Amino acid sequence: MSTISKEHSDRLYWLGRYTERFFTTLKALDKMFDRMLGQSHIYTEYLDHFGIVNTYSDSREFIRSFLYDEFNPNSAAYCLERAYDNGIVLREEISTSALSFLQMAKDTLRRAENSPNPRLSLLPLEDIVYGFWGSINEHIYDDEIRNIIYIGKTIERLDLYIRMRYPYEISRKEYIRLLKNLRRVPKDTPYRYNTKALSAIEEIMGSEEDYLSRTDDAVSSLGQLFETSEVFV
Amino acid sequence: MKDLEQKHFTKAVGNANEINELLRRFGVKFGIYKNGVFNEQFFPFDPIPRVITAEDFACIEKGLVQRVDALNEFLFDIYHDKKIVRDGIIPEDFIYISKGYLAECEGITPKNRIYSHISGIDLVQGKDGVWYILEDNLRIPSGASYPLIARELTRIAAPQAFEENEIVDNRGYAQLLKETMEYANCGGIRAILTPGRYNAAYFEHSYLAEHTGSVLVQNDELFVEDNMLYHRTYSGGKTRIGVLYRRIADEYLDPLTFLPESLIGIPNLMEAYRSGNVGIINAPGNGVADDKGIYYFVPKMIKYYLGEEPILRNAPTYLPFYKEDMKYVMDNLEKLVIKDVAEAGGYGVVFGSDLTKEKLEEFRKTIIAEPRRFIAQEVIDFLDLPILDNGETVMRKADLRAFVLSGETTRVWASGLTRFSRNPDSFVVNSSQGGGFKDTWVLK
């Protein structure tokens, strides 16, 4: 395996998490946008999933904040900034090309802010994020390093799906995907997951009933799976 | 020469927006601290290249190789026998008072006796077509990555410009750098040491690491054990580093040798280096050779070490240290440019013509009190280059930073960073002062 420091491995993990958080947030907000067309106050449902108090005067303010406000830690813009912050110090690992997709995403999001039709302006972001992952696949030659970023990605996706009460069968598929990535972690690396936390998740994801009733436990166990601290500059 | 740029640039200009869009996409940024706040901004790029004819470049190349070879000889001499001082060519004041002279480097001979592996030599072209050396940068000269990526992207955005002109391909810089690093390698992997993301040139550090296949590291990932430098891996292992291209200043490199308060250095690095177990690019202590005061003596060094006449000229320079030069400086202060030898990056440069009568008198006293601190130069009326400003072509002052790489042989990169002033009244082109950059085309 190539030589890579602890800080870079942590950053790879968080790059995966924040890129996925950006992507899933964007998709969830897009769905919310659609539903709000007929019933504008439905956005409170989204806030409830994350236990956020509704301080927004209307759906427009909610959307603006959750899409573009870099100071709102639950916004797409915030997640993208954090993804970029992690990515920029990983250029030689992920490549200039992969990093350029994050810059493009930032520019596209910024442009959409002033667009009269944000949904239409945000559409290219899906292509850009897929491009980013394609570029990651293409440029990270080392399987072990690539797997770190994918573990971050799948943990984040599962976490958000559970919080947003996605249907069991969809979350279950993401769980299987996470297991596959975990199995790729070599036994002799310290980058090992917490087996106790994994057993708890396994139990919850075993049945639809547990999945629907033990959301908080599932989220908490996912959080304990890795003791990877987020790196801030 | 203006005509040369006009003749060749037209095709590139038509695609200025596309080129800038690509530079944005690829994050070609430059960090600036203003009032203590870090701002990362896109480095303004002008699509009109500087064009150098093959004939001109051949002369520049020869002159730069000669100059850098002499400077490397000088560095070896200064940290060993100091023959050039004993023979009276350079007064010893200029060596020992220089902030760049590091007594801790005495007696160290880097692998293959190369001290300055990557030299950034700043030149300007006078209106008469003559090239002058403005300064030598032998510590951590930055800037090569910008024309490198700009060329790559301009070839995408404006391919016609390259179909119609025969230009020497500059995209081999990373390979040149890799070979240079390997030549200094004492056994192990290649690493580039960065102070971190909030360094002005972080883009360059990471871009060069990516393109030379080096590991980009910060100090806390490194340690010295048994006089060897290692990279601490995430799995708890260690990988030996054979050559370290450091992008931090000498005084911060090793807190046990230099500034003890340095938080970005590696304890005992200098011992590993002194033992010949790791190559450092560029060698610590090089500052003694690119000191603005020493600049005056470089033509003399060329004669002394190589027995040759200098091919490239220095800008006419006066040292107030010498009586006759002091007299000239005092008599002509209002038309000279005065440089504080301790400053860099465009700071500490004062044009006599910009000063009021009172300020001029005040400055005169400072020079008399501290003659070693300043050099004075004639203001070279250097060539203006065309730049695109809101769709209009305007003329601005520009210099050229040429990159000379010393490995098995000394080679000049057939390109360089052309920096220009965006202010019509300014001669200061430094990016830290808000200047922009151009690609530099060398014609075949």
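**Notes on the overall build of chain A**
Within chain A, the regular secondary structure consists of 12 helices and 0 strands. Listing each helix as α and each strand as β along chain A from the N terminus yields α-α-α-α-α-α-α-α-α-α-α-α. Relative to its length of 233 residues, chain A is compact, with a C-alpha radius of gyration of 18 Å against a globular reference of 17 Å. Here the C-alpha coordinates of chain A stretch approximately 55 × 45 × 30 Å along the principal axes. Expressed as a percentage of the 233 residues in chain A, the buried residues total 40%.

**What to know about the overall build of chain B**
The helix and strand inventory of chain B stands at 14 helices and 21 strands. For 444 residues, the compact-globule formula gives about 22 Å, and the C-alpha radius of gyration of chain B, at 22 Å, lands near that figure. For chain B, the C-alpha atoms occupy an extent of roughly 60 × 55 × 45 Å along the three principal directions. Here chain B holds 444 residues, and the buried ones make up 47% of them. Taking contacts inside chain B between residues at least 6 apart in sequence as the whole, the part at least 24 apart equals 71%.

**Some words on the packing of helix H8 (residues 173-184) of chain B against helix H9 (residues 202-212) of chain B**
Residue and element names in this part refer to chain B. Remark: H8 packs on H9, axes separated minimally by 9 Å, with the N-to-C direction vectors making an angle of 80°. By the angle class used here, H8 and H9 are roughly perpendicular. The segment H8 lies against H9, with Ala-174, Leu-177, Lys-178 and Met-181 engaging Leu-208, His-211 and Thr-212. Here the contact of H8 with H9 is built from residues that sort into 4 nonpolar, 2 polar and 1 charged.

**Observations regarding the domain arrangement of chain A**
As assigned here, chain A comprises domain 1 (6-141) and domain 2 (166-227). Measuring from the centre of the C-alpha atoms in domain 1 of chain A to the corresponding centre in domain 2 of chain A gives 24 Å.

**Points about the pairing of strand E18 (residues 392-406) of chain B**
All names here are of chain B. With 6 bridges joining them, strand E4 (residues 118-125) and E18 adopt antiparallel strand pairing. Counterpart to Asp-122 in the pairing with E18 is Arg-401. Relative to E18, strand E17 (residues 384-389) runs antiparallel, the two sharing 6 bridges. What sits directly across from Leu-385, in E18, is Arg-396. In textbook terms, the turn of a hairpin is the stretch between consecutive antiparallel strands, and for E17 and E18 this stretch comprises 2 residues, one of which, Asn-390, has a positive phi near 50°. Note that E18 and strand E20 (residues 417-420) share 4 bridges and pair antiparallel. Looking at the pairing, Ala-398 lines up with Phe-420 of E20. In terms of strand pairing, E18 meets strand E19 (residues 410-412) through 3 bridges, oriented antiparallel. Bridge assignment links Ser-406 to a residue of E19, and that residue is Thr-410. Counting the residues in the hairpin turn of E18 and E19 gives 3 residues.

**Regarding the interface of chain B and chain A**
The partner chain A presents 22 residues to the 22 residues of chain B that form the contact. Elements with a contribution of two residues or more to the side of chain B that touches chain A: helix H2 (16-25), H9, strand E7 (215-217) and strand E9 (228-232) of chain B. In terms of residues, the side of chain B that touches chain A owes the most to one element, H9 of chain B, which gives 4 residues. Among the residues forming the side of chain B that touches chain A, the class breakdown is 8 nonpolar, 8 polar and 6 charged.

**Observations concerning the packing of helix H3 (residues 54-78) of chain B against helix H12 (residues 298-306) of chain B**
Residue and element names in this part refer to chain B. It is the contact of H3 with H12, at a shortest axis distance of 9 Å, that shows an interaxial angle of 80°. Accordingly, the angle class assigned to the pair H3 and H12 is roughly perpendicular. Contact residues: Gln-66, Arg-67, Asp-69, Ala-70, Leu-71, Glu-73 and Phe-74 in H3; Val-298, Met-301, Ile-302, Tyr-305 and Leu-306 in H12. Residues of the contact of H3 with H12, tallied by class, amount to 8 nonpolar, 1 polar and 3 charged.

**Considerations on the sheet that holds strand E15 (residues 349-351) of chain B**
Across the sheet, 4 strands lie side by side as E13-E16-E14-E15 (chain B); this open sheet has antiparallel pairing. Strand pairing shows two members of the sheet lacking a second neighbour, strand E13 (317-318) and E15 of chain B, which therefore form its edges.

**Thoughts on helix H3 (residues 59-68) of chain A**
All names here are of chain A. Buried residues of H3: Phe-62, Phe-66 and Leu-67, and no others. All buried residues of H3 fall inside an arc of 110° around its axis, so they share one side. Tucked inside the fold, the buried residues of H3 contact helix H1 (6-36), helix H2 (43-49), helix H4 (76-88) and helix H7 (118-139).

**A look at the nonpolar core**
Proteins that are soluble and globular tend to have nonpolar side chains buried together. All names here are of chain B. Counting 122 residues, the largest nonpolar core has Leu-229, Leu-244, Val-278 and Ala-402 as its most contacted members. It is H3 that provides the largest number of residues to this core, a total of 9 residues. Each of two domains, domain 1 (2-309 + 381-442) and domain 2 (316-378), supplies a minimum of three residues to this core. Residues contacting Val-278, with those up to four places away along its chain left out, are Cys-186, Leu-229, Ile-241, Gly-242, Val-243, Leu-244, Ala-272 and Tyr-273.

**A word on unusual backbone geometry**
All names here are of chain B. Note that the residue after Ile-281, namely Asn-282, is joined by a cis bond; omega there is -15°. The residue Asn-282 is located in the loop between strand E11 (279-281) and helix H11 (292-295) in this model. Positive phi is not limited to glycine here, since Arg-113 has a value of about 60°. For Arg-113, the location among the structural elements is in the loop between helix H5 (93-96) and E4. Among the residues examined, Arg-113 registers 12 C-beta atoms within 10 Å and is labelled exposed.

**Focus: the environment of Asp-128 of chain B**
Its location among the elements puts Asp-128 of chain B in the loop between E4 and strand E5 (131-137). Overall, Asp-128 of chain B belongs to the exposed group, with 8 C-beta atoms counted inside 10 Å.

**Here's the deal with the confidence of the model for chain B**
Taken over all residues, the pLDDT of chain B has a mean of 91, while the share at 70 or more is 95%. What the predictor reports for the complex is a pTM of 0.87 with an ipTM of 0.76.

**Overview of the environment of Pro-47 of chain B**
Among the secondary structure elements, Pro-47 of chain B is positioned in strand E3 (residues 45-52). Considering only alpha carbons, one finds Pro-47 of chain B and Arg-151 of chain B, 104 residues apart in sequence, at a separation of 9.8 Å.

Rules and cut-offs
Within any chain, residue numbers begin from 1 and follow the written order of that chain's sequence. Each chain is given a letter, starting from A, and each ligand a number, starting from 1, according to the order in which they appear as written. Totals for whole chains, interfaces and linings use all residues, but because this is a predicted model, local features are given only for residues with pLDDT of at least 70 and pairs of side-chain atoms are given and counted only at 80 or more. Under the scheme used here, helices are H or I runs from DSSP no shorter than 4 residues and strands are E runs no shorter than 2 residues, and both carry numbers assigned from the N terminus. Atoms counted for the radius of gyration: C-alpha only. Globule rule: 2.2 Å times residue count to the power 0.38. To sort residues by exposure, count the other C-beta atoms lying within 10 Å of each residue's C-beta; 20 or more gives buried, 12 or fewer gives exposed, and values between give partly exposed, all with C-beta atoms placed from the backbone. Once C-beta atoms have been placed from the backbone, residue pairs whose C-beta atoms lie within 7 Å are recorded as contacts. Where helices are involved, their axes are fitted lines through C-alpha atoms of the stretch in contact, as for all axes, and angles between N-to-C directions lie from 0 to 180°. Roughly parallel means an angle under 35 degrees; roughly antiparallel means over 145; roughly perpendicular covers 65 to 115; every other angle is labelled oblique. Polar here means any residue other than Ala, Val, Leu, Ile, Met, Phe, Trp, Tyr, Cys and Pro, which are nonpolar, and Asp, Glu, Lys and Arg, which are charged; Gly is therefore polar. Bear in mind that the domain bounds are from an automatic or database domain assignment. Criterion used throughout: strands pair if DSSP finds at least two bridges between them. By definition, the arc is the one covered by directions from the helix axis to the C-beta atoms. By convention in this section, buried Ala, Val, Leu, Ile, Met, Phe, Trp, Tyr and Cys residues joined through C-beta atoms within 7 Å make up a nonpolar core. Confidence of the predictor in every single residue is expressed as pLDDT, which spans 0 to 100.

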